[in-house]
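Structural features, examined
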Amino acid sequence: MKTHRIAVIAGDGIGPEVVTQGLRVLHAAADRFGFQVDLIEHPFGTEHWLKTEEVFPDDAFEALKSMDAILLGAIGDPRAPVGLIERGIIGRLRWDLDLWVNLRPIKLLDERFCPLKDKTPADIDMVVVRENTEDAYVQKPTFENEGTTDEIASQPMLYTYKGTERIIRYAFETAMGRPRKHLTLIDKANAVRAQSLYTRIFAEMSKEFPEVETAHLYVDAACMRMVESPESIDVAVTTNLFGDIVTDLGAMLQGGMGVAASANLRPGEVSLFESVHGSFPQAAGKNIANPIATINAISMMLDYLGEKEAAAAVEGAIAQLLISGQIRSLEVGEHGTDEIGTMIVEAVSAVAV
Ligand code: IPM
Ligand code: MN
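Let us look at the structure shown here. (Residues numbered from 1 in each chain as written. Chains lettered and ligands numbered in written order. Predicted model: local features only at pLDDT ≥ 70, side-chain atom pairs only at ≥ 80, totals over all residues. Heavy atoms only, no water.)

Quick look at the overall build of the protein chain
Along the backbone of the protein chain there are 11 helices and 12 strands. Taking 20 Å as the expected radius of gyration for a compact globule of 353 residues, we find that the protein chain reaches 20 Å, a close match to that expectation. Summarising its shape, the C-alpha atoms of the protein chain cover approximately 55 × 50 × 40 Å along the three principal directions. Out of the 353 residues belonging to the protein chain, those deemed buried represent 54%. (Helix = DSSP H or I, 4+ residues; strand = E, 2+ residues; numbered from the N terminus. Rg over C-alpha atoms; globule rule 2.2 N^0.38 Å. Buried < 20%, exposed > 50% of the residue type's maximum accessible area, 1.4 Å probe, protein only.)

Regarding the site of ligand 1
Around ligand 1, a shell composed of Glu86, Arg94, Arg104, Arg130, Tyr137 and Asp244 is seen. A distance of 2.5 Å separates an oxygen atom of ligand 1 from a polar atom in the side chain of tyrosine 137. Put simply, ligand 1 lies in the second largest pocket. Across the shell around ligand 1, the residue classes break down as one nonpolar, no polar and five charged. (Near = heavy atom within 4 Å. Polar contact = N/O pair within 3.5 Å; in protein donor to acceptor, adjacent residues only side chain to side chain. 1 Å grid on protein atoms, 1.4 Å probe; cavity = no way out; pocket = protein on both sides within 12 Å on 5 of 7 lines; lining within 4 Å. Sits in = over half its atoms within 2 Å of the grid points. Nonpolar A, V, L, I, M, F, W, Y, C, P; charged D, E, K, R; others polar.)

Here's the deal with unusual backbone geometry
Positive phi is not limited to glycine here, since glutamate 53 has a value of about 65°. Tracing the chain through its elements places glutamate 53 in the loop between α2 (46-52) and α3 (58-63). Residue classification places glutamate 53 among the exposed positions, given a relative accessible area of 69%. Of note, lysine 181 is a non-glycine position whose phi angle comes to about 50°, a positive value. Tracing the backbone through its elements, the reader meets lysine 181 in the loop between α5 (161-176) and β8 (182-187).

Quick notes on empty space enclosed by the protein
It is the rolling of a water-molecule-sized probe over the atoms that shows where space remains empty. Counted according to the given criterion, the structure contains one cavity of 30 Å³ or more. Taken as a whole, the largest cavity spans an internal volume of roughly 40 Å³. Every residue lining the largest cavity is listed: Arg104, Pro105, Ile106, Thr247, Gly250, Ala251, Gln254, Ala260, Ala261 and Val276. Among the secondary structure elements, those contributing two or more residues to the lining of the largest cavity are β4 (101-107) and α8 (240-253). Here the residues of the lining of the largest cavity are counted per class, giving six nonpolar, three polar and one charged. Both domains that meet at the lining of the largest cavity, namely domain 1 (1-100 + 257-353) and domain 2 (115-254), each give it at least three residues. (Points joined across faces, edges and corners; volume = space filled by probe spheres on them. Domains from an automatic or database assignment.)

Concerning the layout of surface pockets
In this structure, the largest pocket encloses a volume near 950 Å³. Around the largest pocket, the lining is made up of 37 residues, and of these Leu103, Pro105, Val127, Met300 and Glu315 lie nearest the centre. Only β4, β5 (125-131), α5, β11 (261-265), α9 (292-304) and α10 (308-324) provide two or more residues apiece to the lining of the largest pocket. Considering each element in turn, the lining of the largest pocket owes the most residues, seven residues, to α10.

Here we look at the pairing of strand β2 (residues 36-42)
Sheet faces and side chains relate simply in a regular strand, where the side chains alternate between the two faces. As defined by bridge partners, strand β1 (residues 3-11) adjoins β2 across seven bridges and the pair is classed as parallel. Its bridge partner being in β2, threonine 3 is matched across the sheet by glutamine 36. (Pairing = 2+ DSSP bridges.)

Brief notes about the pairing of strand β10 (residues 235-238)
Of the two faces of β10, the one carrying Val235 and Val237 and the one carrying Ala236 and Thr238 are both buried. Alignment of β8 against β10, held across four bridges, turns out to be parallel. Counterpart to leucine 185 in the pairing with β10 is valine 237.

Looking at the environment of cysteine 223
Considering the arrangement of structural elements, one finds cysteine 223 in helix α7 (residues 219-228). Taking the relative accessible area as the measure of exposure, cysteine 223 reaches 22% and is therefore partly exposed. With 92 residues separating them along the chain, cysteine 223 and glutamate 315 place their C-alpha atoms 27 Å apart. Not counting residues up to four positions away in its chain, the partners in contact with cysteine 223 are Val246 and Leu249. (Contact = heavy atoms within 4.5 Å.)

A closer look at the sheet that holds β4
Reading across from one edge, β2-β1-β3-β12-β11-β4-β5-β10-β8-β9 is the order of the 10 strands in this open sheet, with mixed pairing throughout. Looking at strand neighbours, the two that pair on one side only are β2 and β9 (213-218), the edges of this open sheet. Averaged over all pairs of adjacent strands, the angle between their axes in this sheet comes to 20°, without regard to strand direction. One ladder, built from four bridges, connects strand β3 (residues 69-74) with strand β12 (residues 271-275); its direction is parallel. Note that in β12 the partner of leucine 71 across the bridge is phenylalanine 273. (Axes fitted to C-alpha atoms, helices over the stretch in contact; angles between N-to-C directions.)

Brief notes about the side chain of serine 275
The topology assignment puts serine 275 in strand β12. Of note is the side chain of serine 275, whose polar atom sits 3.4 Å from the backbone oxygen of glycine 73. Setting aside anything within four residues of it in sequence, one finds serine 275 in contact with Leu72, Gly73, Ala260, Ala261, Ser262, Ala293, Thr294 and Ala297.

Following this line, the structure appears as structure tokens:
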């Protein structure tokens, strides 16, 4: 029987409770589809930092490299300085493990979850391919004359040919694997001329993929388009910072932060799976957070690990519960965190194999 070694970082806020439900579903899928999981749980997050002043010790970080995958709950807590734990855990995982693809599917399952008028599941089914290792995110901020009226703050938007080429290639390949074979480049090369690197590489590579129909949108127009005609977007590729922003917008189109999941990939190597949402500290411990985003991330993880049937079963269980109305609403507090976990566990356990 195949064993997958998975590191688990439950993290802050609602992280631990959504991960608890996620792991119940993971175990149910393992039982049903005949594989094993070997879980190594890590305590890192704000609570751990408050107790020990340790963000992410090097030996624990190094040990992740021998795992098959990493599951992350949520990170962020107002008791820590802004960005310290986010950059020290999520940032370090993405950058130091070179997880260069951030894959964020946006798929509406039932129109009652969509805030847009008259949009149906046929209109909202896209994948955002977000670059995950470059941009302002990884540049050093500088503050000249800090605290004075002459202060100058900077953090450059920096893109390399290699970093840009690989993410655009991944996006073309992703588009090739989908029925529509349509790819939209999102940048802001009219104002941020450095991003013309994206525009140029995209145009050049489109010659290698003649079957892929392409489009180009500046990020402001892309936001407008995602609301006005989301059906015009199939696969989109964009920079790290813009990808962060447009995928929160996208999450709302599919029903909110309670369902949006992402995969941070270094294809062929240990990769990270997480919800798109944050730690939602106000809801922590109240059994009101929606665990579906984390469970969707687990489905993406199973797919990555080669457990295709298990991945499809988890995805299908969620779809069936949402479409049938057994999960009535995605509003916070409408269902208990554990109640949704139980529904999905039961649905996965009932799948015929
Ligand atoms: C995300 C998050 C992170 C990001 C934060 C926590 C640094 O918002 O995964 O989208 O900006 O990438
Ligand atoms: Mn974000």
